[in-house]
Amino acid sequence: MRIALGSDHAGLALKREVAALLTKLGHEPIDFGATDSASVDYPDFAAAVARAIQTGDCVQGVLVCGTGIGMSITANKFRGIRAALCTCEMEARMTRQHNDANVLCLGERVVGLGLGVCIAEAFFTTDFAGDRHQRRLDKIAAIEAGER
Ligand code: RB5
């Protein structure tokens, strides 16, 4: 699967580790920047990743900043994006199973490289459970559409 990746300067190292993991898992990581440690603005990269998913260019995404919070706030402004900020492997598994999260947000300054990669592995090896959870996602989509 094509997976969109984005980070700011504070998430660069973990993004690179996650890209290597995704390749190992047989996915195709597509990096939307940042590309170096110069200070940049996380909304620019969250928007690029969200749009790549909205257009169907990529199936899922990963966004990394210092805390993961700015990335998750931004990504969740985009219709159809279900971005989950995860700090442990259980959250990553549960948000795939129950929320069908399509963007994983990570805080490199919070979880570091080792745990960050383990969280990403849990996220990208867990499937959506469907059933009653789909009904709840339909309600989120209705809220987004202004129907509720
Ligand atoms: C950058 O200093 C920092 O604010 C950013 O990486 C992120 O943590 C924001 O939520």
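Residues numbered from 1 in each chain as written. Predicted model: local features only at pLDDT ≥ 70, side-chain atom pairs only at ≥ 80, totals over all residues. Heavy atoms only, no water.

Colleague: Could you give an account of the state of the cysteines, naming the residues involved and the relevant values?
Modeller: By the definition in use, this model includes zero disulfides. Unpaired in this structure, cysteine 58 has its nearest cysteine sulfur neighbour in cysteine 105, at a distance of 15 Å. The thiol sulfur of cysteine 105 is not disulfide-bonded, and the nearest other cysteine sulfur, from cysteine 65, lies at 7.5 Å. (Disulfide = S-S within 2.5 Å.)

Colleague: Got a sec to walk through the pairing of strand β5 (residues 103-107)? Specific residues and values, please.
Modeller: For β5, the buried fraction is high: five of the five residues fall into the buried class. Side chains Val103, Cys105 and Gly107 of β5 all project onto a buried face; the interleaved residues Leu104 and Leu106 project onto the opposite face, where all are buried too. By the bridge criterion, five bridges tie strand β3 (residues 60-65) to β5 in an arrangement that is parallel. Residue glycine 61 lies in a different strand from β5, and its bridge partner there is valine 103. (Buried < 20%, exposed > 50% of the residue type's maximum accessible area, 1.4 Å probe, protein only. Helix = DSSP H or I, 4+ residues; strand = E, 2+ residues; numbered from the N terminus. Pairing = 2+ DSSP bridges.)

Colleague: Provide a residue-level description of the pattern of salt bridges, including the pertinent values.
Modeller: Here the structure, examined in full by the defined rule, presents five salt bridges. As a salt-bridge pair, arginine 82 and aspartate 100 come within 3.4 Å of each other at their nearest N and O atoms. Linking arginine 82 in the loop between α3 (69-75) and β4 (83-85) with aspartate 100 in the loop between α4 (89-99) and β5, this pair joins segments that are 18 residues apart in sequence. The exposure class of arginine 82 is partly exposed, given its relative accessible area of 24%. Put simply, Arg2, Glu28 and Asp57 are held in one network by salt bridges that share partners. (Salt bridge = Lys/Arg side-chain N within 4 Å of Asp/Glu carboxyl O.)

Colleague: So, the nonpolar core: which residues are in play, and what are the values?
Modeller: Ranked by internal contacts, the top residues of the largest apolar core, which has 22 residues, are Leu14, Val18, Val62, Leu104, Leu106, Ile119 and Phe124. Listed by contribution, the elements that provide at least two residues to this core are β1 (2-7), α1 (12-24), β3, β5 and α5 (108-124). Ranked by residue count, the leading element in this core is α5, at seven residues. Leaving out residues up to four positions away in the same chain, valine 62 has contacts with Ile3, Ala4, Leu5, Gly6, Val18, Val49, Leu104, Leu106 and Phe124. Formed by 20 residues, the second largest nonpolar core is a distinct cluster that contains Ala46, Ile53, Cys58 and Ile81. (Core = buried A, V, L, I, M, F, W, Y, C linked by side-chain atoms within 4.5 Å. Contact = heavy atoms within 4.5 Å.)

Bear in mind that shape data such as this cannot, by itself, settle questions of function.
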